[in-house]
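One letter stands for each residue in the lines below.
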Amino acid sequence: MASMRDIKRRRSSIESTGQITKAMKLVSTVKLQKARVKAEQNAPYADSMYRTVQSILERTCGIRHPYLQGGDSGRKAVIVISSNRGLAGGYNSNVVKLITQGELAGQDLDIYAVGKKGREGLQRAGYRIRLDSSDISEEPAYADAAALSREVLSSFTRGEVGEIWLAYTFFKNTIVHEPRLIRLLPVEKEEEEISDRLPMNFDAEEESILEMLIPTYVTSLIYGGLLESSASENGARMQAMDSATDNAEEMIEDLTLLYNRARQSSITQELTEIIAGAQAIS
Amino acid sequence: MAEDRSFRIRIITPERVFYEGSALMAEFNTSEGELGIYPGHIPMTVILKPGVLKLTQPEGKKEAALHTGFAEILPDGITILAEAAEWPGEIDIARAQAAKERAEARIREHRADTDMARAQTALLRALARIETLR
């Protein structure tokens, strides 16, 4: 049996770890609430944006444009949103797995990394990192998403990549987060027609509307992805820290039991020795 | 006129639903020029340029600075998707002035590496903010 001192030391070390995980859980709970509100406030914008883009695509069936058909290059740009810090359960490794084992596995990819953990994981797997803008993943602002989308789109217009994809974690609810891989460009047109809508007119050239609308659309998707991912990150961390705190408490219980047993047996032993000593003298 | 001549206005930005209400008329700046919309307009989608949004309501006029985006006009309402929108009270005049001067300087110098389109949008945006405050 381990000595009393060893057990005591071990218990206090686990106690302080438990305190840290508990604090981290509280912090991510607060952050989760904030991130969630932000993600929810973005929803009406994203919905209207999607509807408008679909309605414009219905009208512009005949137009040939790289935004709709894709480029000639076989390379694909992938924006990968992960977190800068770990201790969030499977959050980061799930996003990385999406790239290394998902639909795009084994293809020529240019990675635009948002989040240090995802970048490190993909770098290890031998992917080419084109851009690392990890500083924006903590508190995503629309301007950051716009800058990133300008960067990716300019590489698309230069013909360096033929398609643009986005890997992020969809925030379904506090417990369920789903890593997702979606194609941003070329834009996918929804098959089903919504017939009860009025025919839409455009006062500018349809092509010039497309020219302006698609980058805005891409930016809004990236921004939405950033917000969802940040909510998922905090949700995942909250869960991970919750179970870590539970485990720490369980271990402390076991160690306390062990400690008491060790203490008791050492007292018993001391008593036996004293009695034996007294008997020897008398 | 006895009938109600107002229609629904929704202004949405990525960060929030900026405004939701009704108005008798809406005026804003588009890529094809200034536009004033009354209820009952034919369905139309227009591209916005930075400018001042004016909403005419029974109780008076409401103004706000509106930046790039687009507007979906339907007979019974308008949905405006803007990258940013601000009420006069939210505008920092000193910052807008500084941004205006910076953009003007960039356009004046016209160096090879300046993105002229971006500088011009920045200028328009600053002007829209200043205009809204007046």
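Residues numbered from 1 in each chain as written. Chains lettered and ligands numbered in written order. Predicted model: local features only at pLDDT ≥ 70, side-chain atom pairs only at ≥ 80, totals over all residues.

Asks: Honestly, the interface of chain B and chain A in this entry has me stumped. Any pointers?
Replies: Interface size is commonly expressed as the accessible surface area that is lost when the partners come together. Between chain B and chain A, the residue contacts involve 20 residues of the former and 21 residues of the latter. Taken together, the elements giving at least two residues each to the side of chain B that touches chain A come down to β5 (44-48), β8 (69-74) and β9 (77-82) of chain B. If one sorts the elements of the side of chain B that touches chain A by residue count, β5 of chain B sits on top with 4 residues. Among the residues making up the side of chain B that touches chain A, the classes are represented as 11 nonpolar, 4 polar and 5 charged. Alignment of strand β6 (residues 201-202) of chain A against β5 of chain B, held across 2 bridges, turns out to be parallel. Among the inter-strand pairings, N201 of chain A is bridged to a residue of β5 of chain B, identified as M44 of chain B. (Contact = placed C-beta atoms within 7 Å. Helix = DSSP H or I, 4+ residues; strand = E, 2+ residues; numbered from the N terminus. Nonpolar A, V, L, I, M, F, W, Y, C, P; charged D, E, K, R; others polar. Pairing = 2+ DSSP bridges.)

Asks: Looking at this model, I keep getting lost on helix α3 (residues 91-101) of chain A. Mind explaining?
Replies: Each turn of an α-helix holds 3.6 residues, which means side chains three or four residues apart point in the same direction. Among the residues of α3 of chain A, Y91, N92, V95, V96, L98 and I99 of chain A are the ones counted as buried. One face of α3 of chain A carries all of its buried residues, which in axial projection span an arc of 145°. (Buried ≥ 20, exposed ≤ 12 C-beta atoms within 10 Å, placed from the backbone. Arc of directions from axis to C-beta.)

Asks: What is the right way to read the domain arrangement of chain B from this model?
Replies: Residues and elements named next belong to chain B. As assigned here, chain B comprises domain 1 (7-86) and domain 2 (92-133). One C-alpha centre belongs to domain 1, the other to domain 2; they are set 23 Å apart. Contacts between domain 1 and domain 2 engage 11 residues on the former and 7 residues on the latter. For the side of domain 1 that touches domain 2, the secondary-structure elements that each account for two or more residues are β6 (51-57) and β7 (60-66). Counting residues per element, the side of domain 1 that touches domain 2 draws most heavily on β7, at 4 residues. Here the side of domain 1 that touches domain 2 is composed, by residue class, of 5 nonpolar, 3 polar and 3 charged. (Domains from an automatic or database assignment.)

Asks: Sorry if this is basic, but what is going on with the pairing of β8 of chain B here?
Replies: Moving residue by residue along a regular strand, the side chains alternate between the two faces of the sheet. Residues and elements named next belong to chain B. Counting buried residues in β8 gives 5 out of 6 residues, a clear majority hidden from the surface. Examined bridge by bridge, β5 and β8 share 5 bridges and lie antiparallel to one another. The residue of β8 that forms the bridge with V46 is A71. In textbook terms, the turn of a hairpin is the stretch between consecutive antiparallel strands, and for β8 and β9 this stretch comprises 2 residues.

Asks: Can you help me understand the nonpolar core in this one?
Replies: Soluble, globular proteins show a tendency: their nonpolar side chains are buried together. V78, I79, V80, A167 and I222 of chain A together with L66 of chain B are the most contacted members of the largest nonpolar core, which totals 86 residues. It is helix α6 (residues 206-281) of chain A that contributes the most residues to this core, 16 residues altogether. Apart from the residues within four sequence positions on either side, V80 of chain A is in contact with V95, I99, I111, A113, V114, G118, L122 and A167 of chain A. (Core = buried A, V, L, I, M, F, W, Y, C linked by C-beta atoms within 7 Å.)

Asks: Explain the packing of α3 of chain A against helix α4 (residues 116-124) of chain A to me, please; I cannot follow it from the model alone.
Replies: For any two helices packed against each other, the geometry comes down to the angle between their axes and how far apart the axes lie. All names here are of chain A. Where α3 contacts α4, the two axes come as close as 9 Å, and the packing angle between them is 45°. Here α3 lies oblique to α4, going by the angle between them. Once α3 is placed against α4, the crossing between them reads as right-handed. Between α3, through N92, S93, V95, V96 and I99, and α4, the contact on the second element is made entirely by K117, G118, G121 and L122. (Axes fitted to C-alpha atoms, helices over the stretch in contact; angles between N-to-C directions. Parallel < 35°, antiparallel > 145°, perpendicular 65-115°, else oblique. Left-handed = near helix turned anticlockwise from the far one by under 90°.)

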